[in-house]
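Structural features, examined
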Amino acid sequence: MDQYKIMIVDDETDILDLLEKALNLEGFEHIIKIDNGPAAVAACQKLRPDLLILDVMLPGLDGYEVCRQIRQFTHCPILFLSARNDELDKILGLAAGGDDYITKPFGSREVVYRVKAQLRRLRYLKASCPVLHIGDLTVDPERCQVKKKDKTVELTAREFEILRYLAENCGRVISRERLYEAVWGEDSLGCDNTVMVHIRHLREKLEEDPAAPTYLVTMKGLGYKLVNPHEK
């Protein structure tokens, strides 16, 4: 197994130990365990994990705020853990920069499966791919890097995958369902809110005016497409 660094953040020792054991059994040996929000932010900045499993209810800072803060310096995949199964809570997690959401109680095998799925996507993104240029945007799949006018744009892993897919299909209209199935690798039933949240955040990071996007445009009733605003 590749030596990925996986950080687990939860204030329940039993959950930390359960997930560490489950991941160890699957060959993940470099596990970092943290039990509060402020320490999680500091540890992420210093250790730069490849993937973060993050509880929502934490002392010091809640998981949403931890996520928002670490998104300032890393786009590693983030899997939220929460005892709340409300749709709004899931949207809040995705809006904060999360990539997946797991409801407690959960099976440790499910968490391991989702971890592996996120890491597979990372490996795919890091495979040799051509650098894509769309207007002032540069999308580098191998380095998982996006620049606008030579300035790095910090994206979550999921946001990067969405942009990469749209860039590879530049000028083509991509439906929400097709985008969800391509990026999440799951059936698109009920995907609308999830896709819309991620598109909104991409626009906030890429567009001069997110309310009047020139790169990531909506085709009413059809989906989205990425365009070069400098081309007629």
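As the structure is a prediction and not an experimental result, all values here were calculated from the model.

**Here's the deal with the overall build of the chain**
Of the regular secondary structure elements, the chain holds eight helices and 11 strands. Projected onto the principal axes, the alpha-carbon positions of the chain cover approximately 60 × 35 × 30 Å. Of all 232 residues assigned to the chain, the portion counted as buried reaches 49%. In the chain, the share of contacts with a sequence separation of at least 24, taken over all contacts with a separation of at least 6, comes to 57%. As presented, the chain carries roughly 11,400 Å² of accessible surface, and 48% of it is formed by carbon and sulfur atoms.

**A look at the sheet that holds strand β7 (residues 137–140)**
Spatially, β6-β7-β8-β9 is the arrangement adopted by the four strands of the open sheet, whose pairing is antiparallel. Looking along the sheet, the strands with just one partner apiece sit at the ends: β6 (132–134) and β9 (151–153). Pairs of neighbouring strands in the sheet enclose a mean axial angle of 25°, with direction left out of account. Here strand β8 (residues 145–148) runs beside β9; their pairing, made up of three bridges, is antiparallel. Within β9, the position partnered with Lys-147 by the bridge is Thr-152.

**Overview of unusual backbone geometry**
Cis geometry marks the peptide bond from Lys-104 to Pro-105, where omega comes out at -5°. Relative to the elements of secondary structure, Pro-105 occurs in the loop between β5 (100–103) and α5 (108–126). Its identity as a non-glycine residue notwithstanding, Arg-48 has a phi of 50°, on the positive side. Examined against the element boundaries, Arg-48 turns out to sit in the loop between α2 (37–47) and β3 (51–55). Of note in this structure, Lys-149 is not a glycine but carries a positive phi near 55°. By the secondary structure assignment, Lys-149 is in the loop between β8 and β9.

**As for the pairing of strand β11 (residues 223–226)**
Of the pairings in the sheet, the one linking strand β10 (residues 216–219) to β11 comprises four bridges and is antiparallel in character. Following the sheet pairing, Met-219 is matched in β11 by Gly-223. Hairpin connection of β10 to β11: three residues between the antiparallel strands, including Gly-221 at a positive phi of 75°.

**A closer look at the packing of aromatic side chains**
Under the definition given, this model contains two aromatic pairs. On the numbers, 6.5 Å between centres and 40° between planes, the contact of Phe-80 with Tyr-101 is tilted. Here Phe-80 is found in strand β4 (residues 78–82), whereas its partner Tyr-101 is found in strand β5, with 21 residues between them in sequence. Classification of Phe-80 by relative accessible area gives buried; the value is 0%. On the basis of relative accessibility, which here comes to 11%, the residue Tyr-101 falls in the buried class.

**Thoughts on helix α3 (residues 63–70)**
What sets the pattern is the α-helix's 3.6 residues per turn: residues three or four places apart point alike. Along α3, the residues classified as buried are Gly-63, Tyr-64, Val-66, Cys-67 and Ile-70. With its buried residues spanning 160° around the axis, α3 presents them on a single face. For α3, the elements touching its buried residues are α2, β3, β4, α4 (87–96) and β5.

Rules and cut-offs
- Residues numbered from 1 in each chain as written.
- Predicted model: local features only at pLDDT ≥ 70, side-chain atom pairs only at ≥ 80, totals over all residues.
- Heavy atoms only, no water.
- Helix = DSSP H or I, 4+ residues; strand = E, 2+ residues; numbered from the N terminus.
- Buried < 20%, exposed > 50% of the residue type's maximum accessible area, 1.4 Å probe, protein only.
- Contact = heavy atoms within 4.5 Å.
- Areas by Shrake-Rupley, 256 points an atom, 1.4 Å probe, with all protein chains shown as cover.
- Pairing = 2+ DSSP bridges.
- Axes fitted to C-alpha atoms, helices over the stretch in contact; angles between N-to-C directions.
- Phe/Tyr/Trp six-rings, centres within 6.5 Å; stacked < 30°, edge-to-face > 60°.
- Arc of directions from axis to C-beta.

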